[in-house]
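Results of the structural survey
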Amino acid sequence: MDLPITGWHAHVYYDPATTRAAAEALREGIAAGFPEAVLGRWHDVPVGPHAAAMYQVAFPPSLFPSLVPWMALHRADLSVLVHPETGRQRADHTRHALWMGPPLPLKAEILPE
């Protein structure tokens, strides 16, 4: 049974010492061009299943066809995890995830099935 995709998240990973400026530029571009997107807090240390500093971008399914290609072209060398929101956190972050740039490790075992 397929679960509906109620939204999408993009996790933008950066190094606070070396690539934060690139992450800031990407964030500013998202804010300016995609006002429906909700920009999450900066996390300069790993949180939850994420093993690197990151911020989250939440957006509705209708924004996927324009925001995801834009991020692909403007992410510089940042890694970005894009995943659907279906209510199945572990599967959403792993099996259903898309990566732009090199994939980073996730502590998926801490996510509920």
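Residues numbered from 1 in each chain as written. Predicted model: local features only at pLDDT ≥ 70, side-chain atom pairs only at ≥ 80, totals over all residues. Heavy atoms only, no water.

The chain appears in an unreviewed UniProt entry as 4,5-dioxygenase from Dankookia rubra.

1. Considering the pattern of salt bridges
To be explicit about the condition: When a carboxyl oxygen of Asp or Glu is within 4 Å of a side-chain nitrogen of Lys or Arg, the pair counts as a salt bridge. A run of H or I in DSSP counts as a helix once it spans at least four residues, and a run of E counts as a strand once it spans at least two, with each numbered from the N terminus. Three exposure classes are used, based on accessible area relative to the maximum for each residue type with a 1.4 Å probe and protein chains only: buried under 20%, partly exposed in between, and exposed over 50%.
Taken as a whole, this structure holds three salt bridges when the rule is applied. The partner of arginine 20 in a salt bridge is aspartate 44, with the nearest N and O atoms 2.7 Å apart. Here arginine 20, found in helix α1 (residues 20-33), pairs with aspartate 44, found in the loop between β2 (38-39) and β3 (54-59); they are 24 residues apart in sequence, far enough to count as distant. By relative accessible area, arginine 20 is classed as partly exposed at 23%. The class of aspartate 44 is partly exposed, set by a relative accessible area of 38%. When the shortest N-O distance is used, the salt bridge between arginine 90 and glutamate 113 registers 2.5 Å. Residue arginine 90 is found in helix α3 (residues 89-93), and its partner glutamate 113 is found in the segment after β5 (98-100); the two are separated by 23 residues along the sequence. Note on arginine 90: relative accessible area 24%, which makes it partly exposed. Residues joined in a network through salt bridges with shared partners are Arg20, Glu24 and Asp44.

2. Some details on the nonpolar core
What counts is decided by this rule: Buried Ala, Val, Leu, Ile, Met, Phe, Trp, Tyr and Cys residues form a nonpolar core when they are joined through side-chain atoms within 4.5 Å.
With 21 residues, the main nonpolar core has Ile30, Ala37, Val57, Phe59, Leu67, Met71 and Val82 as its most contacted residues. Those elements that place two or more of their residues in this core are β1 (7-13), α1, β3, α2 (64-74) and β4 (80-85).

3. Points about the environment of isoleucine 30
Put simply, the test is: The contact criterion used is simple: two residues touch if any of their non-hydrogen atoms lie within 4.5 Å.
Tracing the backbone shows isoleucine 30 in helix α1. As for isoleucine 30 and alanine 17, which are separated by 13 residues in sequence, their C-alpha atoms are 22 Å apart. Aside from chain neighbours lying at most four places away, what touches isoleucine 30 is Pro35, Ala37, Leu39, Val57, Leu67, Trp70 and Met71.

4. Examining α2
To be explicit about the condition: The reported arc concerns the directions from the helix axis to the C-beta atoms and nothing else.
The set of residues buried in α2 consists of Leu67, Val68 and Met71. One face of α2 carries all of its buried residues, which in axial projection span an arc of 95°. Every exposed residue of α2 that faces more than 90 degrees away from the buried side is listed here: Pro65 and Leu73. A positive backbone phi angle near 60° is found at alanine 76, which sits one or two residues after α2.

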